[in-house]
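Read off the chains here:
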Amino acid sequence: MAESTILNLVLWLPVLGMVALLLSPRGNDSAVRGMTLGVMLLQLALTAWLYRRFDGAVPGLQFETRVPWIGDWGVYYHIGLDGLNVLLVALTAFLGPLVVAGAFSAIQKSVKLFYAMVFFIQFAMLGTFLAQDLFLFYVFWEAMLIPMFLIIGIWGGERRIYATLKFVLYTAFGSILMLAAVIYLVYALSQSSGVPSFAFADLYQHELPVGVQGWLLAAFALSFAIKVPMVPLHTWLPDAHVEAPTAGSVILAGVLLKMGTYGFMKLGFPLFPDATRLFTPALMILSVVSIIYGACLALVQTDIKKIIAYSSISHLGYVMLGLVSLDLLGIQGAIIQMVSHGLVAGGLFMMVGMIYERCHTRELAAYGGLAKLLPVYSVFFMILTLASIGLPTTSGFTGEFMVLMGAFNAAWPQFQAGNSLPIVLAVSAVAGVVLGALYMLWLAQRLLFGEVKAPHQPFTDLVAREKAILLAFVVAIFALGLFPQGPLAKTELAARDYQQRVLASRVEGTTP
Amino acid sequence: MDRTQLLLTVSIALFALGLTGVMIRRNALVMLMCMELMLNGVILSLVTFAAATATLSGAVLVFLVFVVAAAEIAIAIPIVLLLSRQRKSLDVGAYSELKG
Amino acid sequence: MNLLTLIVVLPLAGFLLNGLLGPRLGKPFVTVVGCGLPVLAFLATVRAFLQLDGTEGAALVETAYTWAVVGDFTFDIAFYFDRLSAVMTLIITGVGSLIHVYSTGYMKDDASYARYFSYLNLFLFFMLLLVLGRSLLVCFVGWEGVGLASYLLIGFWFEDMAKAQAGKKAFITNRVGDAGFLLGMFLLYHAVGTLDFDAVNAAFSGPIAPAVSASLVGVLLFIGATGKSAQIPLHVWLPDAMAGPTPVSALIHAATMVTAGVYLVARLNGLYLQAPEASQVIAVIGVLTAFFAATIAVVQTDIKKVLAYSTISQLGFMFVALGVGAYGVAVFHVYTHAFFKACLFLGAGSVIHAMSGEQDIRKMGGLAKRIPITFVTFAVATAAIAGLPPLAGFFSKDEILWFAFASERGGSTLLWAVASVTALLTAFYMFRLLWLTFLTPSRMDEKTAHHVHESPFSMTGVLIVLAVLSAVGGFVHVPHFLEPLMPLPATDHALEHLEMPLIVLAVVTGLLGLGAAIYVYRGGLARAERLQQRFAGAHRLLSGKYYVDELYEAVLGRPLHWISERVFLRLGDRVLIDGSLHGLTGLAQRAAGRLSRVETGNLQFYVLLAALGVVASLAWMWRHG
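Cut-offs applied
Residues numbered from 1 in each chain as written. Chains lettered and ligands numbered in written order. Predicted model: local features only at pLDDT ≥ 70, side-chain atom pairs only at ≥ 80, totals over all residues. Heavy atoms only, no water. Helix = DSSP H or I, 4+ residues; strand = E, 2+ residues; numbered from the N terminus. Buried < 20%, exposed > 50% of the residue type's maximum accessible area, 1.4 Å probe, protein only. Contact = heavy atoms within 4.5 Å. Areas by Shrake-Rupley, 256 points an atom, 1.4 Å probe, with all protein chains shown as cover. Buried area = accessible area lost by both parts, 1.4 Å probe. Salt bridge = Lys/Arg side-chain N within 4 Å of Asp/Glu carboxyl O. Nonpolar A, V, L, I, M, F, W, Y, C, P; charged D, E, K, R; others polar. 1 Å grid on protein atoms, 1.4 Å probe; cavity = no way out; pocket = protein on both sides within 12 Å on 5 of 7 lines; lining within 4 Å. Points joined across faces, edges and corners; volume = space filled by probe spheres on them. Phe/Tyr/Trp six-rings, centres within 6.5 Å; stacked < 30°, edge-to-face > 60°. Lys NZ or Arg CZ within 6 Å of the ring centre and 35° of its normal. Expected span 1.5 Å × (residues − 1). Core = buried A, V, L, I, M, F, W, Y, C linked by side-chain atoms within 4.5 Å. Polar contact = N/O pair within 3.5 Å; in protein donor to acceptor, adjacent residues only side chain to side chain. pLDDT = per-residue confidence, 0-100. Pairing = 2+ DSSP bridges. Patch = residues over 30% accessible without salt bridge, like charges linked within 9 Å, V, L, I, M, F, W, Y side chains within 5 Å.

**Description of the overall build of chain C**
Alright, step 1. For chain C, the count of helices and strands is 26 helices and two strands.
Alright, step 2. By principal-axis analysis of the C-alpha atoms, chain C measures approximately 115 × 65 × 55 Å.
Alright, step 3. Evaluated residue by residue, chain C yields a buried proportion of 57% over its 625 residues.
Alright, step 4. Long-range contacts, defined here as pairs at least 24 residues apart, represent 80% of the contacts in chain C between residues at least 6 apart.
Alright, step 5. Within the structure as shown, chain C displays about 23700 Å² of accessible surface, and the carbon and sulfur contribution to it stands at 67%.

Structure below.
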């Protein structure tokens, strides 16, 4: 009983924080920072408590709250934790204080508004993950656009207006189509069952003809694929990352992108299992294309943030590959990879921000030999690079290994049955690990080794605050890399559920 | 054609003349006068119908329309006056800031 | 704490202690921790070895913890210690400790002393994970980990971009191999249901073969081995890896990491015994690599590069042995090679130290009297690698040649012939190295010659130990020790009478190599230079290392870059994707612009439109009324 209250508190705490900030008098920036950090840490503590209490052996939702909202339409305020969102909620809460602390020295103007936006977006992200009602989900999904628009548009770089408009319009376009699909879906459900309902549980049960499913899946998938992002809907990401302030990039890479994959996992695929099975080859192809295309593009960039942005596209390709493999290893691997990527890419963007604050440029050519100038920084950078590459003992390995193994497990029987596309794709994905090492090590080499050069010297190595932030990232990365069994136990039942829902389709032929 | 039809024809003619005047004439005051003409056409048709169906509601409506027309003129003419002081012209084409 | 876990954890502790506290606590602390912990690990290994004897051959198994459970798949972190593990672990901790001690002298004046030892300990940790791991998963963790340590140590002096790049090249080349390793692992798990080595071997040796081609798995895993053990076509990183400090070259690129591939195949002998095609591939690649590397070594002028190519060549020999089913013999060669190659590399380090950093053998000569201990140990090791009896190399190399000839699992005269020619070349280029460095008249310049001095005892002491081991190590008959695990392959009875003649032939080959080296290089470089001019084309080809690096760059490197830049970035992202986006927005803007022309600002126009609208709706209502 108490847990559901705590869960509500976790969700609404940022709103309280935001209101308190907006009502507070202007001028006292350090109080603002301190208060924001405090609220975020409180949220993290509560989330950690809930995480410990979450029981992986219990199926279905835990710590639920279900309250009628718009009764006539069947809309409920329904939130809860299950295996699919528990890790993502933990990730969001974990990144909250880190984002806030990381922005202390970077954001100097309109500080109050900035942290209010950070609270807002934290609220929207948590709401998206926790929502168990489609209407609620959609509201939170759309809500996330506003603070992100402002964060990039006000505190961003030179081309911020272009970047933020591109981001918002692109995402909103997908969302509009999704709205149409949502309306149709609920309408169809209410026609057949007589009672209107937006609840996920009811929508899962409802069966639709394959053709209809195809259109609906396309609409949902468009919206989610833009978010992930999957090639060829990815071009908003490099611009958004480059122009966003560090905190924005960390939020974007750390959590926002996972909303797309979560959407696929929670809604897109289980709601339309037959269409998913039909589209599986196309989805697999797109995932592997994302992996390789993202990696190739990362190789030829000159802006550090763009390299990491393209690496995100590549890493999330692995997640999608795991999800469509419909193999339990692949699915669990995809979930782990989501969290891992949040930590690794978030950490890397944080580090780029730190160097940008010192040298005011993101051009790779301006840097060299940082290992000599900033030894502590370089150690952390190297660790994050290795995690991105997927070195065993880091979370990157856990995710990638399980995804690849899952993809292979699903592809091999099909190969033996005569269908060779999946195995070709799986092998290509394995080849992707070579490319991954190539561009990251190339980045590390250009940045850290060789002759020393950097603008605006002399500058100091990492201060205590920065070290603490990076240490948090690194500890989490190694914890997930060395001891993944804890999180895996919590997600297993939900992963199985997802697998069963999609496999229980009536489409013949593509059974793994 | 009987009396009702004749009167209705006259009222349509009045209305059409007024509408044409509004569309063609550029002088603001003339446009207002044409709008009055349109109103009068409508009033005539109201009275005609009232007489044709031997009810009073049409005639009562006429009074309503009179009042509204008067109020409208009372507001419109000062507006035109103030605007013309600004632009020194009564030509409607001079006021096109809202274009595009 | 459990013994095996202890062996693994001790160097890890060294890495953390030296890495975090080393710079602050100074050199003595780093030395004690950095050398002491590997020595302790060695002692723990000896203890485990004795325990193993006590259990009459049954392996020691320890499970540290469960890494992940997914459905029916359980991945454990577990350690396994049998006779093969014992040999490998003793070499790693033993020779490893010696090299750590040597490093205290060699790296004495280096500013990053603590960082060096922490990386070296990290390497030891991962290498021990590799050989002590019970499953392919733990092995893979160690496998990638030693790649990391190698990367860090090759690029140790990272201010020199070329050295940093050499490190990156090593990592990437290894990664290509690792992709093969992963695929082999996946296939194996799919077929057998476990990644534990003992279970896999049992599954393939058992009555019912698993439903997967053993050769396919074998080849895939071998691809991983070619990466790690620098076989064709993934050998290109090893010569560049000489950019790292010499003790690193000795430890990682001679004695231990590069033998990981040999270990993997030997460990999975149950699988490879059922994979004749894969074994064939291994033997062929092994002998080709051995031959080609030896030919390149003949013309190298950098002392470390000669040894690097020599290592590649000797690894090729080990794979030949594996390819013909003589797994125990391959491990025997790992064992002897660790001694004499480490001795050679460390001796080279001593020479470089004496020569104030000079590595070009054309600028050396006459060092025998100036640095006698280095000379004698180097000479012993050279004789060992050339296969002169009764030194260690003779025993192991000889067995390889015998089985290459007579094994019923793929031995052939051709294989033996190429291997023997390679042995001849080995003797030749190694004695060439010895002569040019130590015995020919000096070609040193004044200043360097003045500074030549023998190395401190921390270095020469280790050299002496390794030289002694190179001399007498062969008398420990490792294949016999490993026989219960890896029986030696049956040999063709008809050929058995040729065993003795072949041994004699092998010795003669070694002596021939020695003789040829003396003949060409006795007085210095004069005769060699004349030969070089006579065979200029061949010399160019060999000096250019057969232009393999250039080939890879042209076929892989540049096209990848070109496609990424031109096709993907410019055409794909900018023109096609963003272009269509901008096209859409442009279209929207233009359309909006045109539509907004309706707002003419002309009041009468609006009235006209309103009137038309009314007429239209009236007409519609009249028609549909």
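**As for the interface of chain C and chain A**
Alright, step 1. Each side of the interface is counted separately: chain C has 49 residues, and chain A has 60 residues.
Alright, step 2. Carbon and sulfur atoms supply 75% of the area that chain C and chain A bury against each other, a total of about 4900 Å² over both sides.
Alright, step 3. The largest per-residue losses of area from chain C upon contact with chain A belong to Trp67, Arg175 and Phe186 of chain C, which jointly make up 15% of the total buried on that side.
Alright, step 4. At the junction of chain C with chain A, the criterion picks out one salt bridge.
Alright, step 5. Broken down by secondary-structure element, the contributors of at least two residues to the side of chain C that touches chain A are β1 (60–70), β2 (73–81), α5 (136–154), α6 (161–192) and α25 (548–595) of chain C.
Alright, step 6. Here the side of chain C that touches chain A gets 16 residues from one element, more than from any other, and that element is α6 of chain C.
Alright, step 7. Of the residues that constitute the side of chain C that touches chain A, the class distribution is 34 nonpolar, eight polar and seven charged.

**What to know about empty space enclosed by the protein**
Alright, step 1. Tallied over the full model, the rule gives nine cavities of 30 Å³ or more.
Alright, step 2. If you add up the space inside the largest cavity, you get close to 90 Å³.
Alright, step 3. For the largest cavity, the full set of lining residues is Gly390, Phe397, Glu400, Phe401, Leu404 and Val433 of chain A together with Phe140, Glu144, Arg175, Asp178, Ala179 and Leu182 of chain C.
Alright, step 4. Listing elements by their share of the lining of the largest cavity, those giving two or more residues are α17 (395–416) of chain A together with α5 and α6 of chain C.
Alright, step 5. Residue composition of the lining of the largest cavity, grouped by class: seven nonpolar, one polar and four charged.

**Considerations on the environment of Glu36 of chain B**
Residues and elements named next belong to chain B.
Alright, step 1. Here Glu36 lies in helix α2 (residues 28–53).
Alright, step 2. When the C-alpha positions of Glu36 and Glu72 are compared, they lie 9.8 Å apart, and in sequence the two are 36 residues distant.
Alright, step 3. Once residues within four sequence positions are removed from consideration, Glu36 is found in contact with Ala69, Glu72 and Ile73.

**A word on unusual backbone geometry**
Alright, step 1. Going from Val228 of chain A to Pro229 of chain A, the amide bond is cis rather than trans, its omega being -10 degrees.
Alright, step 2. The omega angle of the peptide bond from Pro389 of chain C to Pro390 of chain C is -5 degrees, so this bond is cis rather than trans.
Alright, step 3. Counting through the fold element by element, Pro390 of chain C comes out in the loop between α16 (372–386) and α17 (392–406).
Alright, step 4. Positive phi, close to 50 degrees, is recorded for Ala230 of chain C, a residue that is not glycine.

**Topic: the packing of aromatic side chains**
Alright, step 1. A complete count under the given rule lists 60 aromatic pairs over all chains for this structure.
Alright, step 2. Summarising the aromatic geometry, the rings of Phe292 of chain C and Tyr546 of chain C are spaced 5.1 Å apart at their centres and angled 85 degrees between planes, so their arrangement reads as edge-to-face. In this pair, Phe292 of chain C is assigned in helix α13 (residues 276–297) and Tyr546 of chain C in the loop between α24 (536–543) and α25, connecting sequence segments 254 residues apart.
Alright, step 3. Take Phe292 of chain C: its relative accessible area is 29%, and that puts it in the partly exposed class.
Alright, step 4. Here the aromatic rings of Phe428 of chain C and Tyr521 of chain C are separated by 6.1 Å at their centres, their planes lie at 45 degrees, and the arrangement is tilted. Highlighted residues: Phe428 of chain C in helix α18 (residues 413–439) and Tyr521 of chain C in helix α22 (residues 499–521), separated in sequence by 93 residues.
Alright, step 5. Under the relative-accessibility criterion, Phe428 of chain C is labelled buried at 14%.
Alright, step 6. Over the ring of Tyr51 of chain A we find Lys490 of chain A; its NZ or CZ atom is 4.7 Å from the centre of that ring.
Alright, step 7. Its guanidinium or amino end placed over the ring of Tyr519 of chain C, Arg527 of chain C lies 4.4 Å from that ring's centre, counting from NZ or CZ.

**Considerations on α18 of chain C**
Alright, step 1. A rise of 1.5 Å per residue sets the reference length of α18 of chain C, with its 27 residues, at 39 Å; its end C-alpha atoms lie 37 Å apart and thus fit the reference within 8%.
Alright, step 2. With 20 of 27 residues buried, α18 of chain C is to be regarded as a mostly interior element.

**Some thoughts on the layout of surface pockets**
Alright, step 1. If you add up the space inside the second largest pocket, you get close to 1100 Å³.
Alright, step 2. Among the secondary structure elements, those contributing two or more residues to the lining of the second largest pocket are α18 (421–448) of chain A together with α6 and α25 of chain C.
Alright, step 3. Sort the elements by how many residues they give to the lining of the second largest pocket and α25 of chain C lands first, with nine residues.
Alright, step 4. Here the lining of the second largest pocket is composed, by residue class, of 16 nonpolar, five polar and six charged.

**Quick word on the pattern of salt bridges**
Alright, step 1. One pass over the structure, following the stated rule, counts 19 salt bridges over all chains.
Alright, step 2. Between Asp239 of chain A and Arg159 of chain A there is a salt bridge, with the nearest N and O atoms lying 3.6 Å from each other. Remark: Arg159 of chain A occurs in the loop between α6 (145–155) and α7 (160–193) and Asp239 of chain A occurs in helix α10 (residues 236–243); sequence separation between them is 80 residues.
Alright, step 3. Since its relative accessible area comes to 9%, Asp239 of chain A is described here as buried.
Alright, step 4. Overall, Arg159 of chain A belongs to the partly exposed group, its relative accessible area being 43%.
Alright, step 5. With a shortest N-O distance of 3.1 Å, Arg26 of chain B and Asp91 of chain B are connected by a salt bridge. Placement of the pair is Arg26 of chain B in the loop between α1 (3–24) and α2 and Asp91 of chain B in the segment after α3 (57–87), with a sequence separation of 65 residues.
Alright, step 6. You can call Arg26 of chain B partly exposed: its relative accessible area is 42%.
Alright, step 7. Note on Asp91 of chain B: relative accessible area 30%, which makes it partly exposed.
Alright, step 8. Linked through salt bridges whose partners overlap, the residues forming this network are Arg159, Lys166 and Asp239 of chain A together with Asp578 of chain C.

**Quick look at helix α10 (residues 246–255) of chain C**
Residue and element names in this part refer to chain C.
Alright, step 1. Counting buried residues along α10, 10 of its 10 residues qualify, which places the element largely inside the surrounding structure.
Alright, step 2. Among the residues of α10, Thr246, Pro247, Val248, Ser249, Ala250, Leu251, Ile252, His253, Ala254 and Ala255 are the ones counted as buried.
Alright, step 3. Of the surrounding elements, those touching the buried residues of α10 are α3 (83–106), α4 (113–132), α5, α9 (237–240), α14 (303–323) and α15 (327–354).

**Quick notes on the interface of chain B and chain C**
Alright, step 1. Of the residues lining the interface, 13 residues belong to chain B; the matching set on chain C comes to 10 residues.
Alright, step 2. Both faces considered, chain B and chain C share a buried interface measuring about 840 Å² in area, 64% of it formed by carbon and sulfur atoms.
Alright, step 3. Linking chain B to chain C there are zero salt bridges.
Alright, step 4. A total of four residues in the side of chain B that touches chain C trace back to one element, the largest contributor, which is α1 of chain B.

**Brief notes about the nonpolar core**
Here is a general trend for soluble globular proteins: nonpolar side chains tend to be buried in one another's company.
Alright, step 1. Formed by 427 residues in total, the largest nonpolar core has its most connected members in Leu134, Phe137, Phe264, Phe269 and Phe401 of chain A together with Phe75 and Tyr272 of chain C.
Alright, step 2. Here Phe401 of chain A is in contact with Trp67, Phe75, Leu137, Leu182, Met185 and Phe186 of chain C, once residues within four sequence places are set aside.
Alright, step 3. Among the nonpolar cores identified, the runner-up in size contains 13 residues, and Val22, Cys34 and Val92 of chain B together with Ala611 of chain C belong to it.

**Details of the environment of Ser396 of chain C**
Residue and element names in this part refer to chain C.
Alright, step 1. Mapped onto the fold, Ser396 is located in helix α17.
Alright, step 2. Put simply, Ser396 and His477 are 81 residues apart on the chain and 9.1 Å apart in space, counted from C-alpha to C-alpha.
Alright, step 3. With sequence-adjacent residues up to four places away left out, Ser396 is seen in contact with Val329, Phe332, His333 and Thr336.
Alright, step 4. For Ser396, the side chain forms a polar contact with the side chain of His333, separated by 2.8 Å.

**Quick notes on the confidence of the model for chain C**
Alright, step 1. On average, residues of chain C score 89 in pLDDT, and 99% of them are at 70 or above.
Alright, step 2. Per the prediction output, this complex has pTM 0.89; the corresponding ipTM is 0.91.

**Quick word on the pairing of strand β1 (residues 62–70) of chain A**
All names here are of chain A.
Alright, step 1. Relative to strand β2 (residues 75–81), β1 is paired through six bridges, and the arrangement is antiparallel. Counterpart to Arg66 in the pairing with β2 is His78.
Alright, step 2. Hairpin geometry of β1 and β2 is characterised by an intervening segment of four residues between the two adjacent antiparallel strands and by a positive phi of about 80 degrees at Gly74.

**Section: a nonpolar patch on the surface**
Residue and element names in this part refer to chain C.
Alright, step 1. On the surface, a cluster of nonpolar side chains totalling about 510 Å² of accessible area is made up of Leu424, Met500, Val504, Leu505, Val508 and Leu512.
Alright, step 2. For the nonpolar patch, the element with the highest residue contribution is α22, accounting for five residues.
Alright, step 3. Counting through the fold element by element, Leu512 comes out in helix α22.

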